[in-house]
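Analysis of the macromolecular model
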Amino acid sequence: MTWKLAVNAVLKVLQAGLPVARKYSAQFQGMWIDLAYALEDFLFSASSPSPTQSLEDQQCDEALDCKIILLIRDGILPYANQLPREFIIRVVTLLNKGSIHSATNNSPVGFSFLESGIDIDDDGVVNLLAVTSLLHRFKEVIHKYAEDERLSGKCPLPRHRMSEISFVLKAVATLAKSLKQADPEKVFEWTVWEQLISLYPSLVDCTTSTSAQVCCSLREALHEYADLLEPPKNGLNGSS
């Protein structure tokens, strides 16, 4: 219980303190790496929960994890160009470690900042790091799912695996939609385009899935690839 109070206290301090730290960056240079380590310790604790932990307590723990993710999404990532690059890289690495599953419906809430769309800014640091990192993670999840389902034969994979792959497929579709709405002249976007298009073979490998939930999410993602199989013509002309 003490650690929960500590996390909540830190979150309250950060909500008020992050704007101050950005404004007076010279006075807070030594804080950022310590903050990165603290966020990692909170999200990926070395201590295992009690085997007798109730469902209600598990939900409370995960709700606290979600608060940290939301703080990263709303209080850190939008200001990446004002923060130390090493700190941002560590934060993005945290997001790349995996997804958090809700105890009530096994719905992953990691990568939650994708739900608000991808904002391609002039600096592009956070978007390039975060999106490429997520795409790398997505590819791992999709490839692993296709491989494990093939090896499992007629035995269905655990429900949380179905929820994870379904969420990742929806996130791929969301990213594709956001990318199509972004300015095609932004240089770093081509890296994201290439990485997103490279997911296509892995998505095709999932078409043999017998899960209606997975197939629905997969169909949504594949429909977005109608416009992503080749870059926009105006972008190609501008880059030549």
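Residues numbered from 1 in each chain as written. Predicted model: local features only at pLDDT ≥ 70, side-chain atom pairs only at ≥ 80, totals over all residues. Heavy atoms only, no water.

Per an unreviewed UniProt entry, the protein goes by Protein MON2 homolog and derives from Caerostris extrusa.

Brief notes about the overall build of the protein
Scanning the protein for helices and strands turns up 10 helices and zero strands. Reading the secondary structure of the protein in the N-to-C direction produces α-α-α-α-α-α-α-α-α-α. The buried share of the protein, taken over its 240 residues, is 42%. Sequence separation of 24 or more characterises 75% of the internal contacts of the protein that already satisfy a separation of 6 or more. For the protein, the accessible surface area stands at approximately 13000 Å², while carbon and sulfur atoms represent 55% of it. (Helix = DSSP H or I, 4+ residues; strand = E, 2+ residues; numbered from the N terminus. Buried < 20%, exposed > 50% of the residue type's maximum accessible area, 1.4 Å probe, protein only. Contact = heavy atoms within 4.5 Å. Areas by Shrake-Rupley, 256 points an atom, 1.4 Å probe, with all protein chains shown as cover.)

Re the nonpolar core
Formed by 31 residues in total, the largest nonpolar core has its most connected members in Leu135, Ile142, Val172 and Leu196. Looking at this core, the elements with two or more residues in it are helix H5 (125–152), helix H6 (159–181), helix H7 (189–197) and helix H9 (212–224). Here the element with the most residues in this core is H6; it accounts for 11 residues. In this structure, Leu11, Leu64, Ala80 and Ile88 belong to the second largest nonpolar core, which totals 25 residues. (Core = buried A, V, L, I, M, F, W, Y, C linked by side-chain atoms within 4.5 Å.)

Focus: the packing of aromatic side chains
Applying the stated criterion to the full structure yields two aromatic pairs. Between Trp32 and Phe87 the ring centres are 5.1 Å apart and the planes differ by 50°, which places this aromatic pair in the tilted class. Here Trp32, found in helix H2 (residues 31–43), pairs with Phe87, found in helix H4 (residues 85–96); they are 55 residues apart in sequence, far enough to count as distant. The residues Trp32 and Phe87 share a single accessibility class, namely buried. Taking the centre distance of 5.5 Å and the plane angle of 45° together, the rings of Tyr200 and Tyr225 count as tilted. Linking Tyr200 in helix H8 (residues 200–205) with Tyr225 in the loop between H9 and helix H10 (233–239), this pair joins segments that are 25 residues apart in sequence. Judged by relative accessible area, Tyr200 falls into the partly exposed class, the value being 31%. (Phe/Tyr/Trp six-rings, centres within 6.5 Å; stacked < 30°, edge-to-face > 60°.)

Topic: H9
Taking 1.5 Å of rise per residue, the 13 residues of H9 would be expected to cover 18 Å, and the 19 Å separating its terminal C-alpha atoms lies within 8% of that figure. Of the residues that open H9, the one with a side-chain oxygen 3.4 Å from the backbone nitrogen of Gln213 is Ser211. (Expected span 1.5 Å × (residues − 1). Polar contact = N/O pair within 3.5 Å; in protein donor to acceptor, adjacent residues only side chain to side chain.)

Overview of the pattern of salt bridges
All chains considered together, the criterion is met by eight salt bridges. The salt bridge partner of Lys170 is Glu220, with a shortest N-O separation of 3.6 Å. Taken together, the residues span a long stretch of sequence, with Lys170 in helix H6 and Glu220 in helix H9 at a distance of 50 residues. In this structure Lys170 comes out as partly exposed when scored by relative accessible area, which is 35%. Overall, the relative accessible area of 27% leaves Glu220 in the partly exposed class. (Salt bridge = Lys/Arg side-chain N within 4 Å of Asp/Glu carboxyl O.)

A short note on the side chain of Ser209
Structurally, Ser209 is set in the loop between H8 and H9. For Ser209, a relative accessible area of 7% translates into the label buried. Within polar-contact distance, the side chain of Ser209 engages the side chain of Tyr145 at 2.9 Å. Filtering out sequence-adjacent residues up to four positions away, Ser209 remains in contact with Tyr145, Glu149, Val214 and Cys215.

Structural notes on the packing of H6 against H9
Look at H6 against H9: their axes get within 8 Å of each other, and the N-to-C directions meet at 15°. Comparing the axis directions of H6 and H9 gives the class roughly parallel. Of the two possible hands of crossing, H6 and H9 adopt the one that is left-handed. Where H6 approaches H9, its residues Met162, Ser163, Ile165, Ser166, Leu169, Lys170, Val172, Ala173, Ala176, Lys177 and Lys180 are matched on the opposing element by Gln213, Val214, Ser217, Leu218, Glu220, Ala221 and Glu224. Residue composition of the contact of H6 with H9, by class: nine nonpolar, four polar and five charged. (Axes fitted to C-alpha atoms, helices over the stretch in contact; angles between N-to-C directions. Parallel < 35°, antiparallel > 145°, perpendicular 65-115°, else oblique. Left-handed = near helix turned anticlockwise from the far one by under 90°. Nonpolar A, V, L, I, M, F, W, Y, C, P; charged D, E, K, R; others polar.)

Observations regarding the environment of Asp148
Within the element layout of this structure, Asp148 appears in helix H5. Distance from Asp148 to Arg161, taken between C-alpha atoms, is 9.9 Å for residues 13 residues apart in sequence. With near-sequence residues (within four places) excluded, Asp148 lies in contact with Leu157 and Arg161.

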